[in-house]
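Chain by chain, the residues run as shown.
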Amino acid sequence: MDSFCRDIVTCLEDNRAGGSTQGGVEFPLRLLHSGDNEVSEVTGGNLNDIIRIVSRTDPLTSVILKHAGLYTKIFGPDHPLSPTRNTFEYKALRKFHQICPGSVPEPYFCNEHERLFLMEDLFDYEDMEKGMISGQVERDVFREIAGFLLRVHRATHRKTMSSESFTELVDDFRNDGMLGLGEQYFFTKPFLKEDPSNKHSEAVDHLIPAIYEDRRVLDRAEGLRQKYLSQKDCLLHGDLHMCAVMVNGPSAKIIDPEFVTVGPAAFDLGVLIANYFFSYYAHLFYPLEDSHEFHKTLMDAITETMETYIGGMASILDENEVGELVEDTIGFIGCELIRRIIGVGYTTELENRPLAEIACLKFGLQLMTSGSERPRTLRELVSYLGKKDKPNIR
């Protein structure tokens, strides 16, 4: 057994000897004690180092180790970030697994001092973005994601928990480092014209003034930023894009909740729906031969997700609260559409698809500037989103 695996075994054995309640210790211990393991880095991810440990004698036996450095992979050492993000991610996975068993990779063990945690290896899953690009995502996947979001939000909502329990939840997930990062890259930097982190393709050059010269867009972004920072509704995943979902046929598992926090419910829903729209417009303008109807599948998924989620939340919210949830969702959809096209985190689904890129940005601007005509009921929202077709892209 190499020194890396021996060090992990020491952490696990110390954890077990200390009487920890982290029940997943035994499985990785059995794997690592076998001594004949292969260690490799998993590519991808912008924040943390991801390591796969596989038994050479039984390749189906493996675990994933995530390690948080003192800065993120994407920004480098000039932008330090607290490694406690790993602890929050582990805690989020445990909470999600408790509320919705099987919806996330099973979390096994966390060592905050060593800035690492171990979890189930989803070796037979692939990230959902690949399936969205190829038009090969089963309808049940969308249903599982909607069900996950609804169950987690309802179970952790301020309206369904005692005030003491909800206060404890807020304190447990006071993820200030990642909240600050999200505030900067979701709501602030993309809407500052001269920010050096922003970049965009030539295809959307003509739309850029509509972002920075329209007070309605900037004021709406600021209002959403304030909600993101201050409104405490329920436990959020915090960055539910297509690379945060792993799929295998009809099964979906949610990963990478580094941005977990207690915040506005509409944020998670808005980010998710916006990322469906990236793929919707990509397939609408650039249909693939073997999946030329996939944009219709996506619009059905958008409609069904909204109906499932908002219909389910309506049983714990009053009419005004539902209206606010719908209105905020519209805003967060628009904000996510804009910031991924002009800021950090560009979506690969739009690469070399300029017409789709233009359509997404125009739609985002429309959502950020619509006034009294913004929908405020589930029926109005579904009707509003369901009318999307090829827009005028000039």
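Structural data are supplied above this passage.
Residues numbered from 1 in each chain as written. Predicted model: local features only at pLDDT ≥ 70, side-chain atom pairs only at ≥ 80, totals over all residues. Heavy atoms only, no water.

Chemist: Could you give me a rundown of the pairing of strand β3 (residues 62-67), with the residues and numbers involved?
Modeler: The buried fraction of β3 amounts to 5 of the 6 residues, a majority that puts the element mostly inside the structure. Two strands pair when backbone bridges link them, and strand β2 (residues 49-55) and β3 are joined in this way by 6 bridges, in the antiparallel orientation. The residue bridging Val54 from the neighbouring strand is Ser62, located in β3. Two successive antiparallel strands, β2 and β3, enclose a turn made up of 6 residues. (Buried < 20%, exposed > 50% of the residue type's maximum accessible area, 1.4 Å probe, protein only. Helix = DSSP H or I, 4+ residues; strand = E, 2+ residues; numbered from the N terminus. Pairing = 2+ DSSP bridges.)

Chemist: How would you sum up helix α10 (residues 265-285)? Please name residues and give values.
Modeler: Over its 21 residues, α10 runs 31 Å from end to end, which matches the ideal 30 Å to within 8%, given 1.5 Å per residue. Counting buried positions along α10 gives 21 out of 21 residues, so the element sits mostly inside the fold. (Expected span 1.5 Å × (residues − 1).)

Chemist: Give a detailed account of the side chain of Glu321, specifying residues and quantitative values.
Modeler: With respect to the helices and strands, the residue Glu321 is situated in helix α12 (residues 319-342). Ignoring any residue separated from it by four or fewer positions in sequence, one finds Glu321 in contact with Arg158, Lys159 and Ile316. (Contact = heavy atoms within 4.5 Å.)

Chemist: Lay out the packing of α10 against helix α11 (residues 294-313) with the relevant residues and their values.
Modeler: Helix-helix packing: each pair is described by the crossing angle between the helix axes and the interaxial distance. Where α10 meets α11, the axes come as close as 8 Å, and the angle between the chain directions of the two elements is 165°. As judged from the angle between their axes, α10 and α11 are roughly antiparallel. Read as a crossing pair, α10 and α11 show a hand that is left-handed. Of the residues in α11, those in contact with Ala265, Leu269, Leu272, Ile273, Tyr276, Phe277, Ser279, Tyr280, His283 and Leu284 of α10 are Phe294, His295, Leu298, Met299, Ile302, Thr305, Met306, Tyr309 and Ile310. The class makeup of the residues in the contact of α10 with α11 is 15 nonpolar, 4 polar and no charged. (Axes fitted to C-alpha atoms, helices over the stretch in contact; angles between N-to-C directions. Parallel < 35°, antiparallel > 145°, perpendicular 65-115°, else oblique. Left-handed = near helix turned anticlockwise from the far one by under 90°. Nonpolar A, V, L, I, M, F, W, Y, C, P; charged D, E, K, R; others polar.)

Chemist: Explain unusual backbone geometry to me, and be specific about the residues and the numbers.
Modeler: With phi around 55°, Asp256 is a residue other than glycine that occupies positive phi space. In this fold, Asp256 is placed in the loop between β9 (251-254) and β10 (261-263). Here the phi dihedral of Asn352 falls at roughly 60°; this positive angle occurs in a residue that is not glycine. Among the secondary structure elements, Asn352 is positioned in the loop between α12 and α13 (354-369).

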